[in-house]
Amino acid sequence: MRKPGHRARAVLAVLAAAVLASGCDSIRGDGVGTGVSRPSTRPSPAWDASPDSIAAVGDSITRGFDACQVLSDCPSVSWATGGDASVDSLAVRLLGRQGAAERGWNYAVTGARMADLPDQVALAAKRRPELVTVMVGANDACRSSVSAMTPVADFRADLERSMAALREKLPRTQVYVASVPNLLRLWSQGRADPLGKEVWKLGICPSMLRGADDLTEAATVRRDEVQRRVRAYNAVLAEVCAKDERCRSDGNAVFDYRFGTGQLSQWDWFHPSRDGQARLAEIAYRKVTER
């Protein structure tokens with residue numbers, strides 16, 4: 001075979017340069033060009049099972065509402081950051097009692113809904129925590145009526161806005177997202193207590209708890225609609241969290257937990273008692289420390 005002449009060698013050099021300039025991603029493993037970029041093989045960041053600081057955001061559950069006295073916050077028994085020995089909060093389990101007192105912050109607000117989360121996240125971000133816990137959504141379903149519940153699209157938009165705000169300030173902070181509790185189960189457990197039902201009349205989750213003993217078709221349909229909305233919220237929480245490589249959801253563990261009367265407040269038979277807060281702390285610790 002004759003050696004290629006000067007002109008042929010020049011043509012081959014140009015072709016080789018063109019192939020190299022096109023990049024390796026446009027070549028399949030069999031050498032055939034696809035023109036489609038291959039997915040990155042860069043591994044996701046390793047989850048840190050022992051963060052050194054925690055900030056909690058959310059609603060009355062994280063504030064320990066009605067766990068110590070009637071119609072009052074009690075953050076010392078919070079599942080996320082409280083220091084009460086009977087609860088053994090997530091912060092205490094991860095940081096120790098002294099560490100939890102120094103590097104555990106609770107920005108949850110009783111009555112908060114998902115629309116309030118961006119402001120809470122902004123406050124929490126100032127502390128630059130290594131872990132942020134999120135438990136919110138019950139108040140979006142617990143409205144004056146079914147029609148007043150937060151639309152699922154708005155719920156999603158506010159959660160995405162919160163995550164974006166957090167990532168802008170703290171790109172490496174981890175997030176643990178707890179599911180909304182099973183409100184229908186809380187109704188079925190609490191309605192057996194006469195005192196609890198009287199407290200419910202003060203306005204605790206009226207969309208679910210109004211007319212606690214009303215078993216008519218209309219009341220059943222109302223409660224089922226609230227329950228469907230809670231399930232939709234939990235789907236959103238899981239989906240949005242799954243898009244963030246430093247976020248873990250609880251896999252519906254809080255929703256699935258079968259709270260009994262021992263885990264409910266003796267004053268309102270709806271919010272977690274100290275024992276209920278301890279169960280939430282156990283779930284969170286198990287999820288956060290999973291390898």
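Residues numbered from 1 in each chain as written. Predicted model: local features only at pLDDT ≥ 70, side-chain atom pairs only at ≥ 80, totals over all residues. Heavy atoms only, no water.

(A) Focus on the packing of aromatic side chains. Following the criterion strictly, the structure yields three aromatic pairs and no others. Judged by centre distance (6.2 Å) and plane angle (70 degrees), the rings of W79 and Y176 are edge-to-face. In this pair, W79 sits in the loop between strand 1 (54–58) and helix 2 (90–103) while Y176 sits in strand 4 (residues 174–177), placing the two residues 97 residues apart along the sequence. A relative accessible area of 1% means that W79 is categorised as buried. A residue is classified by how much of its surface remains accessible, and Y176, at 1% relative accessible area, is buried. Here F155 and Y233 contribute two aromatic rings whose centre-to-centre distance is 4.1 Å and whose plane-to-plane angle is 10 degrees, an arrangement assigned as stacked. Of this pair, F155 sits in helix 5 (residues 152–169) while Y233 sits in helix 9 (residues 217–242), and the two are 78 residues apart along the sequence. (Phe/Tyr/Trp six-rings, centres within 6.5 Å; stacked < 30°, edge-to-face > 60°. Helix = DSSP H or I, 4+ residues; strand = E, 2+ residues; numbered from the N terminus. Buried < 20%, exposed > 50% of the residue type's maximum accessible area, 1.4 Å probe, protein only.)

(B) Summary view of the pattern of salt bridges. A full pass over the atoms with the stated rule returns 15 salt bridges. The partner of R161 in a salt bridge is D158, and the shortest N-O contact between them spans 3.0 Å. You can see R161 and its partner D158 sitting in helix 5, three residues apart, about one turn around the helix. Relative accessible area serves as the criterion here: at 13%, D158 is assigned to the buried category. (Salt bridge = Lys/Arg side-chain N within 4 Å of Asp/Glu carboxyl O.)

(C) Fine view of the side chain of K197. Structurally, K197 can be placed in helix 7 (residues 194–200). On the basis of relative accessible area, K197 is assigned to the buried category, the value being 18%. With sequence-adjacent residues up to four places away left out, K197 is seen in contact with G190, R191, A212 and D213. (Contact = heavy atoms within 4.5 Å.)

(D) Just the nonpolar core, in detail. Residues W79, L183 and F270 are the most contacted members of the largest nonpolar core, which totals 70 residues. The element best represented in this core is helix 9, accounting for seven residues. (Core = buried A, V, L, I, M, F, W, Y, C linked by side-chain atoms within 4.5 Å.)

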